[in-house]
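# Observations on chain architecture
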Amino acid sequence: MNTKKLITKLGKMFPKKIARENRDYVGLMCGSLPEETRSILLCLDFDNIALKEMKEKGIKPDLIISHHPFIYGTKKYVLEHDAVKKEVYNELVEMGIPVYSMHTNFDTGLGGMNDALMEELGMINIHPDENNPMMRVGELPSPMEVHEFSEYVKNRLNLTYALLIDKGNQTVSKVSMIAGGGSHKWMAARANGSDIYISGDAPHHVRRDIVTYGYNYLDLPHEIERIFMKQMKKILLSIDPSLTIYEIDQEDLPVLI
């Protein structure tokens, strides 16, 4: 498929301006886009471990699409201060493989990260929060006790752990979610009437605020965003079924001690 046409279609679904509003870095991170794209490698993060696996498996895609920005910040600064990133960057340039990243624009856009996760959890009536377009709000088909719901989420997303604050309603019907590091948005979930808010990377002061306000919060590992590969593959094949899609998931959850 013509690469510019592919990127244009993705851009209409997940506009870069959404990421700019979040002061994010997305788009072409490394190399130059080829005229034609026949094969794409998907990953949550492209790093030296992903590069090693790619070479070991003999994968040489026309394009790499990562969720998290391959270069977060200005290219000059990152490559000057991150020797490992610079080495990976130089090797990709030598191989002629570009990296294109879609981060908060994919999180926020319809059919992106947060929609995919809410659907994976079997939610119904899924919609963006009125005041927070990245947040998704949905309902359980049947109410659950808060601990039962937390176990359900953990199992549906194949996790070994989750962190629960259970100071709010003990019955969960309405749920809000921002995948990744959106814990600071918990007040918006509380304001829209959700019984629990799901996100991750919550610092101590955010957890304490949630406790003092008597609310429920389920903190999940950032790695749940690996659903990016599944969802992006579905999107890409809907655009061009002839594309060859590779996936590398090199990210293990921390060891629970």
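As a reminder, the structure under discussion sits directly above these lines.
### Concerning the overall build of the protein
Across its full length, the protein carries 11 helices and 11 strands. Taken over C-alpha atoms, the radius of gyration comes to 19 Å for the protein, in line with the 18 Å a tight globule of 257 residues would show. Structurally, the protein occupies a C-alpha span of about 55 × 35 × 35 Å along its principal axes. For the protein, the proportion of its 257 residues judged to be buried stands at 51%.

### A few points about the sheet that holds strand E3 (residues 63-66)
Pairing is mixed across the open sheet formed by 5 strands, whose spatial order is E1-E4-E3-E2-E11. This sheet does not close on itself; its edge strands, each paired only once, are strand E1 (27-30) and strand E11 (244-247). Ignoring strand direction, the axes of neighbouring strands in this sheet form an average angle of 30 degrees. Sheet topology places E3 next to strand E4 (residues 99-101); 3 bridges connect them, and they run parallel. When the sheet's bridge partners are listed, Ile64 is paired in E4 with Val99.

### What to know about the packing of aromatic side chains
Summed over the entire model, instances satisfying the criterion amount to 8 aromatic pairs. Chaining the aromatic ring pairs together yields one cluster made of Phe14, Phe106 and Phe228.

### Some points on the side chain of Asp62
Inspection of the secondary structure assignment puts Asp62 in the loop between helix H3 (48-56) and E3. With a relative accessible area of 17%, Asp62 lands in the buried category. Side-chain polar atoms of Asp62 contact the backbone nitrogen of Arg38, separated by 2.8 Å. Not counting chain neighbours up to four residues away, the residues in contact with Asp62 comprise Pro34, Glu36, Thr37, Arg38, Ser39 and Pro98.

### Considering unusual backbone geometry
At Asn158, a residue that is not glycine, the phi angle is positive and equals roughly 55 degrees. When you line up the elements, Asn158 lands in the loop between helix H8 (146-156) and strand E7 (163-166). A positive phi angle is found at Asp201, which is not glycine, with a value near 60 degrees. In this structure, Asp201 sits in the loop between strand E9 (196-199) and helix H10 (204-212).

### A closer look at the pairing of E9
Residues Ile196 and Ile198 point to one face of E9 and Tyr197 and Ser199 to the other, with burial holding for every one of them. The pairing of strand E8 (residues 171-177) with E9 spans 3 bridges and is classified as parallel. Looking across to E9, one finds that Val175 is bridged to Ile196. Handedness of the crossover joining E8 and E9 through helix H9 (residues 186-191) is recorded here as right-handed. Relative to strand E10 (residues 216-219), E9 runs parallel, the two sharing 3 bridges.

### Here we look at the sheet that holds E9
Across the sheet, 6 strands lie side by side as E5-E6-E8-E9-E10-E7; this open sheet has mixed pairing. The open sheet has two edge strands with one neighbour each: strand E5 (124-128) and E7. Across this sheet, the average inter-strand angle for adjacent strands is 20 degrees, counted without regard to direction. Examined bridge by bridge, E5 and strand E6 (residues 136-145) share 3 bridges and lie antiparallel to one another. Residue pairing across strands places Pro128 opposite Arg136, the latter belonging to E6.

Cut-offs and rules
Residues numbered from 1 in each chain as written. Predicted model: local features only at pLDDT ≥ 70, side-chain atom pairs only at ≥ 80, totals over all residues. Heavy atoms only, no water. Helix = DSSP H or I, 4+ residues; strand = E, 2+ residues; numbered from the N terminus. Rg over C-alpha atoms; globule rule 2.2 N^0.38 Å. Buried < 20%, exposed > 50% of the residue type's maximum accessible area, 1.4 Å probe, protein only. Pairing = 2+ DSSP bridges. Axes fitted to C-alpha atoms, helices over the stretch in contact; angles between N-to-C directions. Phe/Tyr/Trp six-rings, centres within 6.5 Å; stacked < 30°, edge-to-face > 60°. Polar contact = N/O pair within 3.5 Å; in protein donor to acceptor, adjacent residues only side chain to side chain. Contact = heavy atoms within 4.5 Å. Right-handed = clockwise from strand over helix to strand, strands pointing away.

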